[in-house]
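Now for the letters of each chain:
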Amino acid sequence: MRLRLEPVAEAPRTPVSRFVHRPLDGAFHTATRFEPPFPAKGAEGYPLWTLEHRGHELYFASPEEMAHVAEVLGARVMKRPRELGLEQSAVNSHWLSRMDKAWLSWKVRQEIVSKLTDELARLGR
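Keep in mind the model is a prediction, meaning the values are calculated, not measured.

*Asks:* I tried to follow the overall build of the chain on my own but got confused; where do I start?
*Replies:* Assigned secondary structure in the chain consists of three helices and five strands. Each helix and strand of the chain, ordered N terminal to C terminal, gives the series β-β-β-β-β-α-α-α. Here the C-alpha radius of gyration of the chain, 14 Å, is about what a compact globule of 125 residues would show, namely 14 Å. When the backbone C-alpha atoms are referred to their principal axes, the chain occupies close to 35 × 35 × 25 Å. Relative to its 125 residues, the chain shows a buried fraction of 37%. If you take every contact in the chain between residues at least 6 apart in sequence, the share linking residues at least 24 apart comes to 62%.

The rules behind these values
Residues numbered from 1 in each chain as written. Predicted model: local features only at pLDDT ≥ 70, side-chain atom pairs only at ≥ 80, totals over all residues. Heavy atoms only, no water. Helix = DSSP H or I, 4+ residues; strand = E, 2+ residues; numbered from the N terminus. Rg over C-alpha atoms; globule rule 2.2 N^0.38 Å. Buried < 20%, exposed > 50% of the residue type's maximum accessible area, 1.4 Å probe, protein only. Contact = heavy atoms within 4.5 Å.

This is the structure:
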């Protein structure tokens, strides 16, 4: 399992983004302001974290997205994607429903949560 940070030219939006960043001025895909805000562009570009495991990847556009995923996956008994997506009427398109099943065992989820919380601590969050 590996987590890497790479700068990208365009502001990234990930499958997790719309469940963490609420649009303040329109629909998610057309909004320009969000709460919490996405990270600002740095000297090399916008940050994009990629978690790789067993040939699959999960992307994060912000530390808040990593914290959200760590919270969801860290629960011993996870909520179902249907419950998590109800607020946004996204019961079948929640990021958890699209996650590879190889990532959902308790042991693997513990590794994911550990990797994400270590990165959040490194970022001072």
